[in-house]
Amino acid sequence: MAKKEEKRFIPFSPPDISEEEIHEVAEAMRSGWITTGPRVKAFENRLARYCHVKKMVCLNSATASEELNLRILGIGEGDEVIVPAYTYTSTASAVVHVGAKVIFIDSQPGCLEMDYDQMEAAINEKTKAIVAVDLAGIICDYDRIFQAVENKKHLFTPGGNNDIGKRIQKKLGRVAVFADCAHALGASRDGKMAGEIADFSSFSFHAVKNFTTAEGGAASWRHIYGISDDEMYRQYQLYSLHGQSKDALAKTTLGSWEYDVIGAWYKCNMTDITAAIGLRQLDRYPGLLERRRELISKYDKMADELGIDHLKHYGENYSSSGHLYITRIPGATHEQRCEIINKLAEYGIAANVHFKPLPMMTAYKAFGWDIKDFPNAYALYENEITLPLHTKLSDEDIDYIIRCFTKVVKPYLK
């Protein structure tokens, strides 16, 4: 009789924190500077170089980053922003926060990217931005998106509910292209890094991401001719810290206590404690990305042998950040997908689903959206299973997942 395999416990996405991060956090705490200070500034500068942009602003979340991107552009009430239906709520909720209207777009058949023809058709006189999502860390077809906004350029009338937004919209002369890069730090396409491709980009450093600062995010933007990057950076700083004309670091200069409040704005700055984690994560990140690539190659071999659908994370002109390993079980129903996830849980393996389309959610149904109008997004969701993919997995762990997943899934394959 074959020996029963010892059960393992495989979490879905634990953070990869080493002694290097712990030491840097301790040093930050010993320094006496724990809010926004020198480590945040150093982290911003290093991230900007990594993403090939002139400046980045570190904030407390990707949601705040996207919201401030929208506010910098002056988007608000009366404006429309196009968003894929197949994404996490933060992509759309930031639009709601600024008072604009979300316009959902269905997915392409069998593809996680939105239907670009439908997206182009949805652009009208009220459209001020399109938010594409680099889901699982694979960069979208921004060439097609930029082509669409150029094709509809004749419909665009510059607006903006603030001075800098008015000037930016006038300079762009078209709908702005946003990238939700929550999954995509370190990804590239056609030689360009995530963060330098779209007009505005937002990143997440949440605990479940490849690269984490526990909580946190960042905003980046492409240089806009005629708009100073220093002015852009200062406006992000004002928005992120109550509209205060001096941050806490600037006020530490002797005799520099006095400050002004330019606007009654928001509080979403990053702290030096979280930046300390990020600085050391950035040191280790190339190795973390390479390990994800190794794990994905093992999963790909399994998926191809089983005949199940999976994302292509690497190609001739692109490289993913390898954030999620998304599979789809051909012909499986929603109920069967749930059975598979439950059976994996019996083996100690935590699987997940990415994503439940937003028109299925109570908050967005309240705005009048109905999943029946998004058949391709629902079809993607119905039989999707995301397997654990993180750098805390050992070779023995990944082999165990592959054996168990193969055993569980085979009876459902036709």
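The following paragraphs examine the structure supplied in this document. From a predicted model like this one, the values you see are computed outputs, not experimental measurements. (Residues numbered from 1 in each chain as written. Predicted model: local features only at pLDDT ≥ 70, side-chain atom pairs only at ≥ 80, totals over all residues. Heavy atoms only, no water.)

## Remarks on the overall build of the chain
Part 1 of the reasoning: Across its full length, the chain carries 13 helices and 14 strands.
Part 2 of the reasoning: Referenced to the eigenvectors of the C-alpha coordinate spread, the extents of the chain come out at roughly 80 × 55 × 40 Å.
Part 3 of the reasoning: For the chain, buried positions account for 57% of its 414 residues.
Part 4 of the reasoning: Put simply, 72% of the contacts in the chain that link residues at least 6 apart link residues at least 24 apart.
Part 5 of the reasoning: For the chain, the exposed area adds up to about 17,900 Å²; of that, 52% sits on carbon and sulfur atoms.
Part 6 of the reasoning: Averaging the positions of the 50 positive and the 56 negative side-chain charges in the chain gives two centres separated by 1 Å. (Helix = DSSP H or I, 4+ residues; strand = E, 2+ residues; numbered from the N terminus. Buried < 20%, exposed > 50% of the residue type's maximum accessible area, 1.4 Å probe, protein only. Contact = heavy atoms within 4.5 Å. Areas by Shrake-Rupley, 256 points an atom, 1.4 Å probe, with all protein chains shown as cover. Lys, Arg positive; Asp, Glu negative; His and termini not counted. Charge placed at Lys NZ, Arg CZ, Asp CG, Glu CD.)

## Considering the nonpolar core
Part 1 of the reasoning: Counting residues in hydrophobic clusters, the biggest one holds 54 residues, and the most contacted among them are Val81, Phe104, Leu135, Ile168, Phe200 and Met232.
Part 2 of the reasoning: The residues touching Phe200, leaving out its near neighbours within four places in the chain, are Asn69, Ile72, Leu73, Ile168, Val177, Phe178, Ala179, Ser220, Trp221, Ile224, Met232 and Tyr236.
Part 3 of the reasoning: Counting 47 residues, the second-largest nonpolar core is a separate cluster that includes Ile103, Ala148, Leu185 and Phe205. (Core = buried A, V, L, I, M, F, W, Y, C linked by side-chain atoms within 4.5 Å.)

## Brief notes about the sheet that holds strand E7 (residues 192–193)
Two pairing modes exist for strands in a sheet, parallel and antiparallel, and in both the strands are linked by backbone hydrogen bonds.
Part 1 of the reasoning: Spatial ordering of the open sheet is given by E7-E6-E12-E11, a layout of 4 strands whose pairing is antiparallel. A single partner strand is all that each edge strand has here, and the edge strands are E7 and strand E11 (314–315).
Part 2 of the reasoning: Relative to strand E12 (residues 318–319), E11 is paired through 2 bridges, and the arrangement is antiparallel. From the neighbouring strand, Gly315 faces E12, where its bridge partner is Tyr318. (Pairing = 2+ DSSP bridges.)

## Regarding helix H3 (residues 62–72)
Part 1 of the reasoning: The buried count for H3 comes to 10 of 11 residues, which makes it a mostly enclosed element.
Part 2 of the reasoning: Inspection of H3 places Ala62, Ala64, Ser65, Glu66, Glu67, Leu68, Asn69, Leu70, Arg71 and Ile72 among the buried residues, and these make up the whole buried set.
Part 3 of the reasoning: The backbone nitrogen of Thr63 has a side-chain oxygen 3.4 Å away, supplied by the residue at the start of H3, namely Ser61.
Part 4 of the reasoning: Phi turns positive, to about 75°, at Gly74, one or two residues after H3. (Polar contact = N/O pair within 3.5 Å; in protein donor to acceptor, adjacent residues only side chain to side chain.)

## Thoughts on the layout of surface pockets
Part 1 of the reasoning: Taken as a whole, the largest pocket holds about 530 Å³ of empty space.
Part 2 of the reasoning: Lining the largest pocket are 26 residues, with Tyr88, His183, His206, Val208 and Lys209 positioned closest to its centre.
Part 3 of the reasoning: Breaking the lining of the largest pocket down by element, the ones donating at least two residues are H3 and helix H4 (89–97).
Part 4 of the reasoning: The residue inventory of the lining of the largest pocket, partitioned by class, reads 9 nonpolar, 13 polar and 4 charged.
Part 5 of the reasoning: One number sums up the size of the second largest pocket: a volume of about 310 Å³.
Part 6 of the reasoning: Taken together, 16 residues line the second largest pocket, and the ones lying closest to its centre are Cys111, Glu113, Ile138, Leu311 and Lys312.
Part 7 of the reasoning: Residues belonging to the lining of the second largest pocket are distributed by class as follows: 8 nonpolar, 3 polar and 5 charged. (1 Å grid on protein atoms, 1.4 Å probe; cavity = no way out; pocket = protein on both sides within 12 Å on 5 of 7 lines; lining within 4 Å. Points joined across faces, edges and corners; volume = space filled by probe spheres on them. Nonpolar A, V, L, I, M, F, W, Y, C, P; charged D, E, K, R; others polar.)

## Remarks on unusual backbone geometry
Part 1 of the reasoning: The residue after His354, namely Phe355, is reached through a cis peptide bond having omega 0°.
Part 2 of the reasoning: Its place among the elements puts Phe355 in the loop between helix H10 (334–346) and helix H11 (362–365).
Part 3 of the reasoning: In this structure, His242 takes a positive phi of about 65° despite not being glycine.
Part 4 of the reasoning: You can see His242 is positioned in the loop between helix H8 (229–240) and helix H9 (272–306).
Part 5 of the reasoning: Overall, the relative accessible area of 41% leaves His242 in the partly exposed class.

## Details of the side chain of Arg291
Part 1 of the reasoning: The topology assignment puts Arg291 in helix H9.
Part 2 of the reasoning: For Arg291, a relative accessible area of 18% gives the class buried.
Part 3 of the reasoning: Arg291 has contacts with Thr391, Leu393, Ser394 and Asp395, leaving out every residue within four places of it along the chain.

## Notes on the packing of helix H2 (residues 38–51) against H9
Part 1 of the reasoning: Two elements in contact, H2 and H9, have axes whose closest approach is 7 Å; the angle formed by their N-to-C orientations is 30°. Accordingly, the angle class assigned to the pair H2 and H9 is roughly parallel. Every pair of crossing elements has a handedness; the one defined by H2 and H9 is left-handed. Of the residues in H9, those touching H2 at Pro38, Arg39, Val40, Ala42, Phe43, Arg46, Leu47 and Tyr50 are Asp272, Ala275, Ala276, Gly278, Leu279, Arg280, Leu282, Asp283, Tyr285 and Leu289.
Part 2 of the reasoning: Its residues placed into classes, the contact of H2 with H9 shows 12 nonpolar, 1 polar and 5 charged. (Axes fitted to C-alpha atoms, helices over the stretch in contact; angles between N-to-C directions. Parallel < 35°, antiparallel > 145°, perpendicular 65-115°, else oblique. Left-handed = near helix turned anticlockwise from the far one by under 90°.)

## Remarks on the packing of aromatic side chains
Part 1 of the reasoning: Per the counting criterion, the structure on display carries 17 aromatic pairs.
Part 2 of the reasoning: A ring pair is formed by Phe178 and Phe200, whose centres lie 5.2 Å apart and whose planes are at 35°; its orientation type is tilted. Of the two residues, Phe178 sits in strand E5 (residues 176–180) while Phe200 sits in strand E8 (residues 200–204), which places them 22 residues apart along the sequence. The pair Phe178 / Phe200 is uniform in exposure class, with both members buried.
Part 3 of the reasoning: By the ring-pair criterion, three or more aromatic residues cluster together here, those being Phe43, Tyr50, Phe205, Phe211 and Tyr285.
Part 4 of the reasoning: Stacked on the ring of Tyr314, the Lys or Arg Arg293 has its end atom at 4.0 Å from the ring centre.
Part 5 of the reasoning: Looking at Arg337, its charged tip hangs above the ring of Tyr381, at a distance of 4.6 Å from the centre. (Phe/Tyr/Trp six-rings, centres within 6.5 Å; stacked < 30°, edge-to-face > 60°. Lys NZ or Arg CZ within 6 Å of the ring centre and 35° of its normal.)

## So, H8
Part 1 of the reasoning: The end-to-end C-alpha separation of H8 is 17 Å, in line with the 16 Å expected for 12 residues at 1.5 Å each.
Part 2 of the reasoning: Three or more residues of H8 are buried, namely Asp229, Met232, Tyr233, Gln235, Tyr236, Gln237, Leu238, Tyr239 and Ser240.
Part 3 of the reasoning: On its buried face, H8 sits against H2, strand E1 (56–59), H3, helix H7 (163–172), E8 and strand E9 (217–221).
Part 4 of the reasoning: The backbone nitrogen of Asp230 has a side-chain oxygen 3.1 Å away, supplied by the residue at the start of H8, namely Ser228.
Part 5 of the reasoning: Positive phi shows up at His242, right after H8, with a value of about 65°. (Expected span 1.5 Å × (residues − 1).)

## Points about the pairing of strand E3 (residues 101–105)
Part 1 of the reasoning: Of all 5 residues in E3, 4 are buried, a share of seventy percent or more.
Part 2 of the reasoning: Examined bridge by bridge, strand E2 (residues 80–84) and E3 share 5 bridges and lie parallel to one another. Bridged to Val83 within E3 is Phe104.
Part 3 of the reasoning: For the segment spanning E2, H4 and E3, crossover handedness is right-handed. (Right-handed = clockwise from strand over helix to strand, strands pointing away.)

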